[in-house]
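Structure at a glance
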Amino acid sequence: MGAMADDPADSGFATTDLPGDAAELEQVARRWRLVVRVVFLALALLMWLAFVEVTAHERRAALAAVEQRDANLGTAVEHYAVRVLRSAAAVHGLLGSTLAGGADAGRLQLLLIDRLLANDAFASLGLCLPGGGLLRAGPQPGWIAPATCAALLASPPAGGETALLPPVEAAGRLEVPIATAIRDDAGELLAVAVATVPAATLLGIMQSVQLEDDTVVVLVGSDGRPRAAWRSRGGHVASAEGFAALQAVTTASGPATAEVAGRPYLVSSREVDRAGLRVQIATLEADALADFAARRARNLLGCILATLGLAVVYVVLLRLQREGLRRARALQRARGELQALNAHLDQQVRERTARLEDAYRQLEAFSYAVAHDVRAPLDAIAGFADALAPSLAGSGNAQDRHYLQRIRANAVRLDELTRHLLELGRLGRADPHRTDVDLSAMAHEVVGQLREREPGRQVDVSVQPGLAAVGDALLLRQVLENLLGNAWKFTARRAQARIAFQADAQAEGEPAFCVSDNGEGFDEAEAGALFQPFRRLHAASDFPGSGVGLATVQRIVALHGGQIRFRARPGEGACFCFSLPGALPAPPQVP
């Protein structure tokens, strides 16, 4: 047979990259990247939209909280200022009724002193009378003086209303005059009652208020000018310069924003029912939104970190996808190479199978030719020997007859060897015809044939009943004939020969069957090639045979997918065990 290429690299086959699959894989990868990109962009967009919405909501909530606080503060300031105004109106009403009742100056003076002592909100009390008269109670000198009385009498407050006049400086502080015109039933002016109140007293409620924000409270008169002011980070305003600094808050119409010293303030307004007053409350916008700014910063940092996290996850997913795509491409290439290699191997297998089949056919033809060419001369030799036998029997000497007998025996033996070789060669190509085989019955038949050949021998043969297997009946019969025949042959020198055929009790897995004897045995160390043809451990003159029996047994067992093993000792006998896949488990032996 010719030499065949064993290296795929030398065979010239080509690999394929499966372009269709590669294009489809690339298209799927692009779609996957697009979907992931859209998902991550949508997540980032939703997160930032949520941040914007939450930020706007929290800002509105912070502004609403400051507005509500300022509204409550304005209400408290209004109530306190109205209480002061009501006290002044009550004192003025008492002075007017006393004056209208004809009380003299002395009584009026005592009443002024009494009311001043009874109301700690007032700095001084006075009564300006027409004609330049003046009654007053309080520290001297003070704002209530003849000049101021003349001005009040010249332009008294309208009707019976109480007027809150612009603040004036007196005794090193700002005081707010409160004036009321006193008239008789005919409407004639009888006097102008005046009470001065410290500006701080009008906003006295602020002394009990603790504010962390920079907050400004301004009490504005009906003329738009401030009457009193207070700052959480400076206290009460005690000068005209302080009022000037708060001009933007004073003139703002809330809710609005006004700048004080270049910083924006949130302004809210509240109208007071009496004296045309208005309460202006302004809070520094940065302070009002300080908590909101801190929360917004935290939320912004969280969104930035989350966006970076999404970006990192996106990059990692892209890298994993690229790595997966690279591996998929490599797998495609490997699959293409494997397919090409498989195709090449299939082609090699088909070629080699065809060559082997051709070789088997040639070998079979050669075997038949050899068998015919060898056996024909053997038949001729045997025939000539048979023809010579009568002549030598009558006239030949004993040596000639011995030679003739040797010729005939060797011719028979060579014919037997040729026949066994042909049978052994056929076993390599045999296809077992599997059926259920009763091995116990078959063993009894083989032993019966052995006894017929040598009826004079006394051999104790034990066959375990119920042994069965699945296999080729003719081939399995050859196994038993060879194994039992060897046992029969190698126990010939034993006075009490024993042969047994039974299941192997020590076998694990597939059932096994053993043929054992107490014959000559052999040394296991010298039995490495025991199953090779013509391998003998005993001399042919002692135990005749062809030397191919165990080789035949080994091939038949291998054809059935089983194995054969042995154990032996010189002078103690031998045991050969063979396994058969699909053999039926042996029934338990009855003692």
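Notes on the structure in this doc start here. (Residues numbered from 1 in each chain as written. Predicted model: local features only at pLDDT ≥ 70, side-chain atom pairs only at ≥ 80, totals over all residues. Heavy atoms only, no water.)

Among the nonpolar cores identified, the biggest contains 57 residues, and Phe122, Leu127, Leu164, Leu202, Leu203, Val217 and Leu219 are the most heavily contacted of them. For this core, the leading source of residues is helix H1 (residues 19-100), giving ten residues. Leave out the neighbours within four places in its chain, and leucine 202 touches Tyr80, Ala81, Val84, Leu164, Val176, Val197, Leu219 and Ala228. Counting 36 residues, the second largest nonpolar core, distinct from the first, contains Ala443, Leu475, Phe513 and Leu580. (Core = buried A, V, L, I, M, F, W, Y, C linked by side-chain atoms within 4.5 Å. Buried < 20%, exposed > 50% of the residue type's maximum accessible area, 1.4 Å probe, protein only. Helix = DSSP H or I, 4+ residues; strand = E, 2+ residues; numbered from the N terminus. Contact = heavy atoms within 4.5 Å.)

Let us now look at the state of the cysteines. In the structure shown here, the tally under the stated rule is two disulfides. Of note for the chain: the bonded cysteines, numbered N- to C-terminal, pair according to 1-2, 3-4. The thiol of cysteine 575 is not disulfide-bonded; the next cysteine sulfur, from cysteine 577, is found 3.8 Å away. For cysteine 575, a relative accessible area of 8% puts it in the buried group. (Disulfide = S-S within 2.5 Å.)

On to the environment of alanine 151, then. In this fold, alanine 151 is placed in helix H3 (residues 146-154). Counting along the chain gives 23 residues from alanine 151 to cysteine 128, while the straight-line C-alpha distance between them is 10.0 Å.

This part is about the sheet that holds strand E12 (residues 278-284). Spatial ordering of the open sheet is given by E9-E8-E7-E12-E11-E10, a layout of six strands whose pairing is antiparallel. Single-partner strands in this sheet number two, and they are strand E9 (235-236) and strand E10 (256-260). As paired elements, strand E11 (residues 263-271) and E12 share seven bridges and run antiparallel to each other. Residue pairing for E12: glutamate 271 is matched across the bridge by arginine 278. (Pairing = 2+ DSSP bridges.)

Scanning the model with the defined rule gives seven aromatic pairs in all. With centroids separated by 5.8 Å and ring planes inclined at 45°, the aromatic side chains of phenylalanine 513 and phenylalanine 578 adopt a geometry described as tilted. Highlighted residues: phenylalanine 513 in strand E17 (residues 512-517) and phenylalanine 578 in strand E19 (residues 573-579), separated in sequence by 65 residues. Across the pair, exposure class does not vary: phenylalanine 513 and phenylalanine 578 are buried alike. Between the NZ or CZ atom of arginine 457 and the centre of the ring of tryptophan 488, over which it lies, the distance is 4.7 Å. (Phe/Tyr/Trp six-rings, centres within 6.5 Å; stacked < 30°, edge-to-face > 60°. Lys NZ or Arg CZ within 6 Å of the ring centre and 35° of its normal.)

The interhelical angle for the contact between helix H10 (residues 439-453) and helix H11 (residues 473-490), taken along N-to-C directions, is 50°, at an axis separation of 10 Å. Classified by the interaxial angle, the pair formed by H10 and H11 is oblique. Here H10 runs over H11; the crossing is right-handed. Together, Leu439, Met442, Ala443, Glu445, Val446, Val447, Gln449, Leu450 and Arg451 of H10 and Ala473, Leu476, Arg477, Leu480, Glu481, Leu484, Gly485 and Trp488 of H11 make up the contact between the two elements. Class assignment of the residues belonging to the contact of H10 with H11 gives a composition of eleven nonpolar, two polar and four charged. (Axes fitted to C-alpha atoms, helices over the stretch in contact; angles between N-to-C directions. Parallel < 35°, antiparallel > 145°, perpendicular 65-115°, else oblique. Left-handed = near helix turned anticlockwise from the far one by under 90°. Nonpolar A, V, L, I, M, F, W, Y, C, P; charged D, E, K, R; others polar.)

A cluster of nonpolar residues, Leu300, Leu301, Ile304, Leu305 and Leu308, forms a patch on the protein surface that exposes about 440 Å² of accessible area. Looking at the element boundaries, leucine 305 is found in helix H8 (residues 290-395). (Patch = residues over 30% accessible without salt bridge, like charges linked within 9 Å, V, L, I, M, F, W, Y side chains within 5 Å. Areas by Shrake-Rupley, 256 points an atom, 1.4 Å probe, with all protein chains shown as cover. Salt bridge = Lys/Arg side-chain N within 4 Å of Asp/Glu carboxyl O.)

Of note, valine 553 is situated in helix H12 (residues 549-559). Look at valine 553 and you get buried, because its relative accessible area is 0%. Separated by 71 residues in sequence, valine 553 and asparagine 482 place their C-alpha atoms 7.1 Å apart. With residues near it in sequence (within four places) discarded, valine 553 still touches Val479, Asn482, Leu483 and Ile564.

What follows deals with the pattern of salt bridges. Side-chain pairing between opposite charges can occur once the charged atoms of the two side chains come close. Summed over the entire model, instances satisfying the criterion amount to 20 salt bridges. Across the salt bridge formed by glutamate 285 and arginine 59, the nearest N and O atoms sit 3.1 Å from each other. Residue glutamate 285 is located in helix H7 (residues 285-288), and its partner arginine 59 is located in helix H1; the two are separated by 226 residues in the primary sequence. Residue arginine 115 pairs with aspartate 114 through a salt bridge whose shortest N-O separation is 2.8 Å. Take aspartate 114: its relative accessible area is 38%, and that puts it in the partly exposed class. Look at the salt bridges and you will find they share partners, linking Glu26, Arg33 and Arg329 into a network.

Spatial ordering of the open sheet is given by E14-E16-E17-E19-E18, a layout of five strands whose pairing is mixed. The strands lining the two open edges of the sheet, one partner per strand, are strand E14 (459-463) and strand E18 (564-569). Strand after strand, the sheet turns through a mean of 10° between neighbouring axes, direction not considered. Of the pairings in the sheet, the one linking E17 to E19 comprises five bridges and is antiparallel in character.

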